[in-house]
Amino acid sequence: MPTLARLALLLLAFPVVAQADQLVTLVIQNHTFSPSSFEVPAGERFRIQLTSHDESVDEFESYDMKFEKIIVPGNTVTVFAGPLHPGTYTFFDDYHPDQAKGTVTAVEAKE
Ligand SMILES: [Cu+2]
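The structure presented is a predicted model; accordingly, all values stated were derived computationally and were not measured.

> What am I meant to see in the side chain of Asp-58 here?
Tracing the backbone through its elements, the reader meets Asp-58 in strand S5 (residues 58–62). Put simply, Asp-58 is tucked away with no salt bridge, and the nearest opposite charge, on Lys-101, sits 15 Å away. Side chain to side chain, Asp-58 and His-31 meet in a polar contact 3.1 Å long. Ignoring anything within four residues of it in the chain, the contact list for Asp-58 reads Ile-28, His-31, Ser-52, Lys-69, Ile-70, Ile-71, Asp-93, Tyr-95 and His-96.

Following this line, the structure appears as structure tokens:
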């Protein structure tokens, strides 16, 4: 295959890269996420920025979206997630998993 055609195919395969990632901001306080659930467009990468108002260390984690990050009180961390197929995905604070949990719902873009 000619190099240019190959390059065009490569670009088509990653249409999301050219777009700015959507940013979702969350807070954790008293080991509770706020908001605890939110929506993102399916098929797009996004970032979650989490600020901790907790008084002890938390671990922001998701098996579904494959991230894991320690967050100390007063700090802000950012994780990358997606692109996701339509559906609901969970995240939690691994140090307080029974209390601190939330969901992301990926919704198909409207035509
Ligand atoms: Cu916690």
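Having seen the model, we can carry on.
> How should the coordination of the copper ion be read in this particular structure?
Six octahedral donors around a metal ideally sit at 90 or 180 degrees from one another, while four tetrahedral donors ideally sit at 109.5 degrees. Within the protein, the atoms that donate to the copper ion are His-31 (ND1), Asp-58 (OD), Asp-93 (OD) and His-96 (ND1), at distances of 1.8 to 2.1 Å. Summarised as a motif, the one-chain spacing of the donors to the copper ion is H-x26-D-x34-D-x2-H. Taking relative accessible area as the criterion, His-96 reaches 21% and is therefore assigned partly exposed.

> Looking at this structure, I do not really get a nonpolar patch on the surface. What am I missing?
Together, Val-57, Ile-70, Val-72 and Tyr-95 give the surface a local cluster of nonpolar side chains, amounting to about 310 Å² of exposed area. Examined against the element boundaries, Ile-70 turns out to sit in strand S6 (residues 67–71).

> Please clarify how unusual backbone geometry should be interpreted in this entry.
Most of the time, phi is negative for any residue but glycine, and the peptide bond is trans. Cis geometry is found at the peptide bond from Ser-34 to Pro-35, where omega equals -10 degrees. Checked against the element boundaries, Pro-35 lands in the loop between strand S2 (32–34) and strand S3 (37–41). With omega at 0 degrees, the peptide bond leading from Gly-82 into Pro-83 counts as cis. One non-glycine residue, Lys-66, lies in the positive phi region at around 60 degrees.

Cut-off values and rules
Residues numbered from 1 in each chain as written. Predicted model: local features only at pLDDT ≥ 70, side-chain atom pairs only at ≥ 80, totals over all residues. Heavy atoms only, no water. Helix = DSSP H or I, 4+ residues; strand = E, 2+ residues; numbered from the N terminus. Buried < 20%, exposed > 50% of the residue type's maximum accessible area, 1.4 Å probe, protein only. Lys, Arg positive; Asp, Glu negative; His and termini not counted. Salt bridge = Lys/Arg side-chain N within 4 Å of Asp/Glu carboxyl O. Polar contact = N/O pair within 3.5 Å; in protein donor to acceptor, adjacent residues only side chain to side chain. Contact = heavy atoms within 4.5 Å. Donors = N, O, S within 2.8 Å, 3.2 Å for Na, K, Ca; no water. Patch = residues over 30% accessible without salt bridge, like charges linked within 9 Å, V, L, I, M, F, W, Y side chains within 5 Å. Areas by Shrake-Rupley, 256 points an atom, 1.4 Å probe, with all protein chains shown as cover.

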